[in-house]
Structure formats: structure tokens, C-alpha cells
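Observations on the model geometry
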Amino acid sequence: MTAGERSDGAVTRALRVLEALAPGPRKLAEIAEGAGVTRTNAHRILGVLADAGYVQPVGGGTYRLAPRSAALAAALGLAAPRGVEQALRELGEKVAATVHLALRSGSQAVYVHKIDGPGPVRMASSVGMHIPLHCTAIGKAILGALNDQQVREVVADAGLPGRTGNTITDPAALSRELACIRRQGYAVDDEENEEGIRCLGMALPLDGVPGGGLSISTLTYTTPRQRLIDFQSALAATVEQVSALLA
């Protein structure tokens, strides 16, 4: 038993195991290392979580989060103060686009609110979905609010996998992008995470740290890039409002 295991309760260790699975399916050894527990304890905790419906074994000693975990993430998001959803809805109506609120979870972020834009087209995003930080507007805004060492730690953990032809996959290029984000105060995902989708994002300060972010997501064929960037004042006002509500 490690020193961390001696000082942590069973609930805390179980939560750390769930967090270790947040990036996606992982093998037992990876889960144990990420959660800071022994393999024996990780295996026991995973068995309990699987029986409760929060984790699924997928063969070969690999586990992933089960739908019940996504439902819990959604429920936690909806448990935010009522004013949060109203603020997001008002922003969505003002810009006539889809609005997302995500909270940081280690080297990723998790959507906890989504307000669909007008029209018949619905984006594939959903509450409870994990998103990468290096190629989304919310994620890049969060990275821009971190210091260089913190960014290196995220990149070391999550990597810079390509999602589209526009994804930044080079650390030096990402550093230049983050420097630009810090100067201008917002981030743009220009079809870097999904083709045909362009987003404007800003970091959401929570207790003095970048705990998440807000974004406005548009279809590239309906909203020109500059038109999206012109929404920055409205987005900044909502970020300030939501940050105060969640304080």
C-alpha cells in the first residue's frame, strides 16, 4: 500500500480511478498508475464500479467508463445554479449559434451544458462528452490561461493527436498559437477538431484558475470567421456572468 493509499479513503480512491479513465479506455496498469493506487486495489475498485454500472470491462484487461458515468457527468452539470443555463441560453439567442460550457478534467475538458443553435442542423457534441484541449476553442483557451510548464504537462499526458488536417500537432506551433491567444484573449478552433465546425472560446476562471471555458460553435458555411470573432464581446460578458454564478 502506498503512502497516498494510506491517507486516502475508499471513496477518494474510487473517484481517482474514475478520473484515470476519463481520457478513454485504459489497461489496468495505466489506471493504477493514473489513480496512484496498486494494481490489486485498482482491480478491486474497478470490480465495484463495474457492478454499479459506472465502468465496463472491454477485454484484454482494458476498462472504459460506462454510460452511467456519462449520465452522472450530465447530472453534475445540470446541478449548476439555474442562472447558468439561462445565461448560456441568452448568449445562444443573441448570436444564433450553439453554445457550450465545459469544465476541465485533467488533460481534457467535459461538456456540462449545451444550448443548441437555431435551425435543423444539430452538432454531434453532447453533455458528458470529453474533448481534447489542443484542438478545441475551449481547450486552447484553457491552455492559454496556463503557464508553460502546465501546458507541457498536458501535452506530455494527452499528446497532440491529429483530428483534421487543421489540427495543431507540433508543440512549437502550439506554443505560438497559445501566445497569440494570450494576447487577444480568445481562441478559435478553425476546423481543428471537426471539419465544417468553427468555434470561438474563452477560458472560464473558477477560484482564480482556468477551471473550464465557454464557446460559440458555428458551421463554417453559414458563419464567416470574422463574423464569429465579432461575437467576442458577447462571449466575454457571459464568461464573466457564469464565473460569478459558479464562484
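In this convention, every chain numbers its residues from 1, walking through the sequence in written order. In keeping with the predicted nature of the model, local features appear solely for residues at pLDDT of at least 70, side-chain atom pairs appear and are counted solely at 80 or more, and the whole-chain, interface and lining totals rest on all residues. The basis for every side-chain value is the complete set of heavy atoms in the structure, and neither hydrogens nor water enter the calculation.

Comments concerning the overall build of the protein chain
The helix and strand inventory of the protein chain stands at eleven helices and nine strands. Each radius of gyration reported is based on C-alpha atoms, and the globular scaling rule is 2.2 Å times the count of residues to the power 0.38. The C-alpha atoms of the protein chain give a radius of gyration of 19 Å, which matches the 18 Å a tight globule of 247 residues would have. Seen along its three principal axes, the alpha-carbon backbone of the protein chain occupies a region of about 55 × 40 × 35 Å. Looking at the 247 residues of the protein chain, the share that counts as buried comes to 46%. Within the protein chain, contacts between residues at least 6 apart in sequence are counted, and of these 57% link residues at least 24 apart. By the counting scheme adopted, Arg and Lys are positive, Glu and Asp are negative, and His together with the chain ends is not counted. Positions of charges follow a simple convention, taking NZ of Lys, CZ of Arg, CG of Asp or CD of Glu. Of note, the protein chain has its 24 positive side-chain charges centred 3 Å away from the centre of its 24 negative side-chain charges. Each helix corresponds to a stretch of at least 4 residues labelled H or I by DSSP, and each strand to a stretch of at least 2 residues labelled E; elements are numbered beginning at the N terminus. Under the scheme applied here, a residue whose accessible area is under 20% of the maximum for its type counts as buried, over 50% as exposed, and between as partly exposed, the area being computed with a 1.4 Å probe on protein chains only. Residue contacts are defined here by distance: any two heavy atoms, one from each residue, within 4.5 Å place the two residues in contact.

Brief notes about the packing of helix H7 (residues 137-144) against helix H9 (residues 171-184)
Orientation is described by lines fitted to C-alpha atoms, with helices fitted over the stretch in contact, and by angles between N-to-C directions that extend from 0 to 180 degrees. Direction vectors running N to C along H7 and H9 enclose 85°, while the axes themselves pass 9 Å from each other. Put simply, H7 runs roughly perpendicular to H9. Taken together, the residues of H9 that come into contact with H7 (itself represented by Lys140, Ala141, Leu143 and Gly144) are Leu174, Glu177, Leu178, Ile181 and Arg182. In these notes the angle categories are as follows: under 35 degrees is roughly parallel, over 145 is roughly antiparallel, 65 to 115 is roughly perpendicular, and the rest is oblique.

Describing helix H6 (residues 82-95)
Here H6 contains 14 residues, and its C-alpha end-to-end distance of 21 Å stays within 8% of the 20 Å for a straight helix at 1.5 Å per residue. Of all the residues in H6, the buried ones are Val84, Ala87, Leu88, Leu91, Gly92 and Val95. Axial view of H6: buried residues confined to an arc of 135°, hence all on one face. Residues of H6 that are exposed and point over 90 degrees away from its buried face: Arg82, Glu93 and Lys94. Residues of H6 that are buried in the fold lie against strand S4 (98-105), strand S5 (108-115), strand S9 (209-219) and helix H11 (232-246). An expected span of 1.5 Å times one less than the residue number is assigned to each helix. Directions are taken from the helix axis to each C-beta atom, and the arc is the one they span.

So, the sheet that holds strand S2 (residues 55-59)
Strand order in the open sheet formed by three strands is S1-S3-S2, and the pairing between neighbours is antiparallel. Looking along the sheet, the strands with just one partner apiece sit at the ends: strand S1 (26-27) and S2. Only when DSSP finds a minimum of two bridges between them are two strands counted as paired. The sheet contact formed by S1 and strand S3 (residues 62-65) spans two bridges and is antiparallel. Each bridged residue has a counterpart across the sheet, and for arginine 26 the counterpart in S3 is tyrosine 63. In the packing of helix H4 (residues 39-51) onto the sheet, contacts are made with S2 and S3, and the angle to S2 comes to roughly 110°.

Digging into the pairing of S2
Of the pairings in the sheet, the one linking S2 to S3 comprises four bridges and is antiparallel in character. Each bridged residue has a counterpart across the sheet, and for proline 57 the counterpart in S3 is tyrosine 63.

Section: the environment of valine 55
The topology assignment puts valine 55 in strand S2. Along the chain, valine 55 and glutamate 191 lie 136 residues apart, while their C-alpha atoms are 32 Å from each other. What valine 55 contacts, discounting residues up to four positions off in sequence, is Leu18, Leu21, Leu46, Leu49, Ala50, Tyr63, Arg64, Leu65 and Ala66.

Some thoughts on the confidence of the model for the protein chain
Mean pLDDT over the protein chain works out to 88, with 91% of the residues at or above the 70 mark. Ignoring residues within four places in sequence, the model shows residues 1-7, a span with pLDDT below 50, making eight contacts including any to other chains. You can read pLDDT as the predictor saying how much it trusts each residue, on a scale of 0 to 100.

Topic: the environment of alanine 87
Relative to the assigned elements, alanine 87 resides in helix H6. Taking C-alpha positions, alanine 87 is 6.5 Å from threonine 238, a pair spaced 151 residues apart along the chain. The residues touching alanine 87, leaving out its near neighbours within four places in the chain, are Thr238, Gln241 and Val242.

What about the nonpolar core?
Only buried Ala, Val, Leu, Ile, Met, Phe, Trp, Tyr and Cys residues count toward a nonpolar core, and they belong to the same one when joined by side-chain atoms within 4.5 Å. Of all hydrophobic cores here, the largest spans 25 residues; its most connected members are Leu88, Leu101, Leu214, Ile216, Leu235 and Val242. Only H6, S4, S5, strand S8 (197-206), S9, helix H10 (225-229) and H11 provide two or more residues apiece to this core. Per element, the largest residue contribution to this core is five residues, and it comes from H6. When near neighbours in sequence (up to four residues on either side) are disregarded, isoleucine 216 contacts Leu91, Val95, Ala97, Thr98, Arg198, Cys199, Leu200, Leu228, Phe231 and Leu235. In terms of nonpolar packing, the next biggest core, distinct from the first, is built from 18 residues, Ala102, Ile131, Val154 and Leu160 among them.

Describing the sheet that holds strand S6 (residues 130-132)
Judged by pairing direction, the sheet is antiparallel, and its six strands sit side by side in the order S6-S5-S4-S9-S8-S7 without closing on themselves. Each edge of the sheet is formed by a strand with only one pairing partner; in this case those strands are S6 and strand S7 (187-190). If you compare each strand with its neighbour and ignore which way they point, the axes differ by 35° on average. Of the pairings in the sheet, the one linking S4 to S9 comprises six bridges and is antiparallel in character. Note that in S9 the partner of alanine 102 across the bridge is glycine 213. Against the sheet, H7 contacts S4, S5, S6, S7, S8 and S9, and its axis sits at roughly 40° relative to S8.

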